[in-house]
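# Examining the three-dimensional arrangement
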Amino acid sequence: MDNVLCDELLQEIFTRLPRTPPSYLSVSLVSKRWLHVYRTSKTSLSLRIIPHDSVVFSLSSLLDRYPSLSSLSVVLSSSEPPTTTTFFDHLLFVVSSSCSNLKSLRFSAGPVSVSSLLSLSKACNHITSLNVSLSRPLLLNWAASFPCLKELSIYACDGDGVGDEVSDHYRETELCLNEDQGRELCLDSLCLTGIRSEDLGVGWLWRRCKRLSKLQLKGCAGIGDGGSFAAFIKSLQGLEEVDLRTCRSIVDVVLLQLAENCDSLKSLLVYDGCSGEGLLQFIRHCRCDLQKLDLRLPLDLSNDHLSAIAVHFRSLSTLRLQSCCLVTGDGLKALGLAMSSGLEELALINCDVVEREPGLLATLGQSLRQLRKLDLSYNETLRDKEFMAMLASCNYLIELKLRGCKGLTNMAVVSMSKSCKKLQTVDIMHCCGVQPEAVELFVLNSPQLRRVEVDQNKLSDVARTWASHKFIEIVN
């Protein structure tokens with residue numbers, strides 16, 4: 001068989017293998033030829049490195065064996081101490097020299113210099129997605145040297161600028177004041193982490209991002225220097241998706257500007273930081289046709305917000321709530337009635353109201369009969385009776401997540417196979433009360449099942465065999 005299969009045919013076979021480890025790792029053990037063909041056909045690679053001088057040479061030798069890479073992720077081992085920017089520049093130089101076909105690069109090993117990024121742009125000029133870390137002071141005009149760049153993610157960290165880069169910083173500040181300098185960037189997606197109000201270089205970026213459809217701000221205490229605010233507002237106008245994570249000091253301002261200046265927003269995520277009044281004003285004054293809302297606001301979300309959502313966001317198809325302590329059953333029931341014809345995805349993750357108010361899930365199930373996706377993860381004391389009462393009305397579910405629901409037992413799993421014949425994806429990881437025999441019966445009796453996430457010790461040989469025959473992906 002090895003002689004019959006030519007290299008080209010082997011490559012085609014390898015590209016069609018499932019991404020799960022048993023499939024794509026076993027082919028490399030057949031023979032040296034198969035290992036070589038596997039490496040030359042591989043287009044994506046993720047590496048976790050330990051900072052040491054020998055790593056630079058090892059990385060170069062390794063990447064030379066993967067000539068077809070279009071996607072690469074390089075991260076630092078979390079247990080290792082940080083090292084110098086020079087070391088990370090050397091690593092990035094190796095990537096530039098060895099991976100000329102790169103389209104996506106996540107280089108999260110450590111902060112790199114502007115000069116190394118400029119070298120990367122010359123060697124890998126097809127990059128469309130880039131994730132890098134930079135030390136302060138922030139210099140961002142290098143982004144214009146990547147002609148195909150569509151997605152940019154920047155993590156800002158503290159560092160001591162020295163020599164030419166400090167001088168460059170002040171020259172950059174002067175350029176930021178001139179609106180006519182530089183060309184517009186073609187970015188669709190921008191993610192900024194750790195930005196402060198004194199970061200002058202961010203203003204240059206806002207001035208040249210006029211086509212953004214997605215914006216993510218993580219752990220930010222500002223949006224750059226004060227002079228960049230007007231440019232920031234203009235960059236919001238075409239946004240369709242906004243993620244705000246742990247940005248309490250600026251989230252109200254951002255939401256206010258979104259409500260006033262953006263009428264194209266379809267998806268909003270706010271985690272760990274928002275004032276109740278600021279969120280309420282956004283909901284009441286937002287002019288957009290919001291379709292997805294994802295909130296993790298333990299002490300900043302109440303029934304008043306749910307009532308406003310029911311009135312102003314009639315087109316909402318996805319609602320995700322996490323750890324929302326102040327929400328009550330009455331608020332959720334009213335929301336369910338208002339959204340009965342449109343809501344297709346509901347998540348109540350670690351929301352104690354699910355366990356606190358008996359009958360809530362049954363009422364929601366009767367109201368939201370169009371649900372396609374349901375996530376009740378980490379409601380640890382959720383019981384079979386409450387869960388099964390909801391499932392009786394949710395006949396169209398295709399995705400169900402119950403991770404960490406320790407109170408559910410085999411009865412809940414049996415009910416899933418009886419009530420939800422359309423299920424394709426199920427997550428029952430860390431459900432202590434579910435036994436292997438229930439998982440086995442569920443796999444046997446679910447005709448459209450395609451993916452199951454379950455603890456390895458709950459998979460019997462029979463369940464594995466049937467999953468293989470029915471082409472069901474098992475994730476442990």
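Residues numbered from 1 in each chain as written. Predicted model: local features only at pLDDT ≥ 70, side-chain atom pairs only at ≥ 80, totals over all residues. Heavy atoms only, no water.

As recorded by an unreviewed UniProt entry, the chain carries the name F-box/LRR-repeat protein and is attributed to Melia azedarach.

## Points about the overall build of the chain
Scanning the chain for helices and strands turns up 19 helices and 17 strands. Every one of the 476 residues in the chain was classed for burial, and the buried ones make up 49%. A sequence separation of at least 24 residues applies to 73% of the contacts in the chain between residues at least 6 apart. Total accessible area on the chain stands at roughly 22000 Å², and carbon and sulfur atoms take up 51% of it. (Helix = DSSP H or I, 4+ residues; strand = E, 2+ residues; numbered from the N terminus. Buried < 20%, exposed > 50% of the residue type's maximum accessible area, 1.4 Å probe, protein only. Contact = heavy atoms within 4.5 Å. Areas by Shrake-Rupley, 256 points an atom, 1.4 Å probe, with all protein chains shown as cover.)

## Focus: the environment of Asp330
With respect to the helices and strands, Asp330 occurs in helix α13 (residues 329-338). Classification of Asp330 by relative accessible area gives exposed; the value is 57%. In this structure, the C-alpha to C-alpha distance between Asp330 and Leu306, residues 24 residues apart in sequence, is 9.9 Å.

## Points about the confidence of the model for the chain
Put simply, the chain has an average pLDDT of 89, and 89% of its residues get 70 or more. Confidence drops under a pLDDT of 50 for residues 161-167, and excluding neighbours within four residues, the segment shows seven contacts in the predicted structure. Every residue in residues 169-181 is under pLDDT 50, and counting partners more than four places away or in other chains gives 19 contacts. (pLDDT = per-residue confidence, 0-100.)

## Re empty space enclosed by the protein
Under the criterion given, the structure shown has two cavities of 30 Å³ or more. Of the volumes computed, that of the largest cavity is approximately 50 Å³. For the largest cavity, the full set of lining residues is Ala143, Phe146, Pro147, Leu149, Arg183, Leu185, Cys186 and Leu187. Counted by class, the lining of the largest cavity contains seven nonpolar, no polar and one charged residues. Its boundaries defined by the atoms lining it, the second largest cavity holds a volume of some 40 Å³. (1 Å grid on protein atoms, 1.4 Å probe; cavity = no way out; pocket = protein on both sides within 12 Å on 5 of 7 lines; lining within 4 Å. Points joined across faces, edges and corners; volume = space filled by probe spheres on them. Nonpolar A, V, L, I, M, F, W, Y, C, P; charged D, E, K, R; others polar.)

## Considerations on the pairing of strand β10 (residues 292-296)
In the case of a regular strand, side chains alternate between the two sheet surfaces. Note: strand β9 (residues 267-271) against β10, five bridges, orientation parallel. Residue Tyr271 lies in a different strand from β10, and its bridge partner there is Arg296. Of the crossover connections in this fold, the one passing from β9 over helix α11 (residues 276-285) to the parallel β10 is right-handed. Taken together, the four bridges between β10 and strand β11 (residues 318-322) define a ladder with parallel strand orientation. Within the sheet, the bridge partner assigned to Leu293 lies in β11 and is Leu319. In this fold, the crossover linking β10 to β11 by way of helix α12 (residues 303-312) has right-handed handedness. (Pairing = 2+ DSSP bridges. Right-handed = clockwise from strand over helix to strand, strands pointing away.)

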